[in-house]
Amino acid sequence: QVQLVQSGGGLVQPGGSLRLSCATSGFTFSNYAMSWYRQAPGKERELVASITSAGGSTNYADSVKGRFTISRDNAKNTAYLQMNSLKPGDTAVYYCRAVANWRDDYWGQGTQVTVSS
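So, here is what we can say about the structure in this document. (Residues numbered from 1 in each chain as written. Predicted model: local features only at pLDDT ≥ 70, side-chain atom pairs only at ≥ 80, totals over all residues. Heavy atoms only, no water.)

## As for the sheet that holds strand β1 (residues 3-7)
Move 1: If you trace the four strands from one edge of the open sheet to the other, you get β1-β3-β8-β7, paired in antiparallel fashion. The open sheet has two edge strands, β1 and β7 (68-73), and neither has a second partner. With direction set aside, neighbouring strand axes in the sheet form an average angle of 15°.
Move 2: Summarising the sheet, β1 and strand β3 (residues 18-25) pair through five bridges and their orientation is antiparallel. Bridge pairing in β3 links Leu4 to Thr24. (Pairing = 2+ DSSP bridges. Helix = DSSP H or I, 4+ residues; strand = E, 2+ residues; numbered from the N terminus. Axes fitted to C-alpha atoms, helices over the stretch in contact; angles between N-to-C directions.)

Shown next as structure tokens:
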């Protein structure tokens, strides 16, 4: 059974930090590229960051470059999103996604991140 279990969201003040985790099971994690998406109220879901299966390459949305870092630990079958210098505009539900091909494509349950004073 495929599972992507997210943790680490919550309420943080502007300028603060959070680290999201996406713990996976039920598939060969090291074969999958991992991504983080977010969806704010009334907006479409957008790609925040992605990392290749071996972790050798990462990409970021312009809005988070220099503030967010995506990483993965293939030994722990877990992906992470370190978020620093958070802004109110980062408030959204964040989702992790594992993709190997058009058929093997899985999503986490989502976790709320709220940046507010």
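## Structural notes on unusual backbone geometry
Move 1: For Asn77, which is not a glycine, the phi torsion comes out positive at approximately 55°.
Move 2: Turning to its location among the elements, Asn77 is positioned in the loop between β7 and β8 (78-83).
Move 3: Since its relative accessible area comes to 28%, Asn77 is described here as partly exposed.
Move 4: Positive phi, normally seen in glycine, also occurs at Ser85, with a value near 50°.
Move 5: Here Ser85 falls in the partly exposed class, since its relative accessible area comes to 42%. (Buried < 20%, exposed > 50% of the residue type's maximum accessible area, 1.4 Å probe, protein only.)

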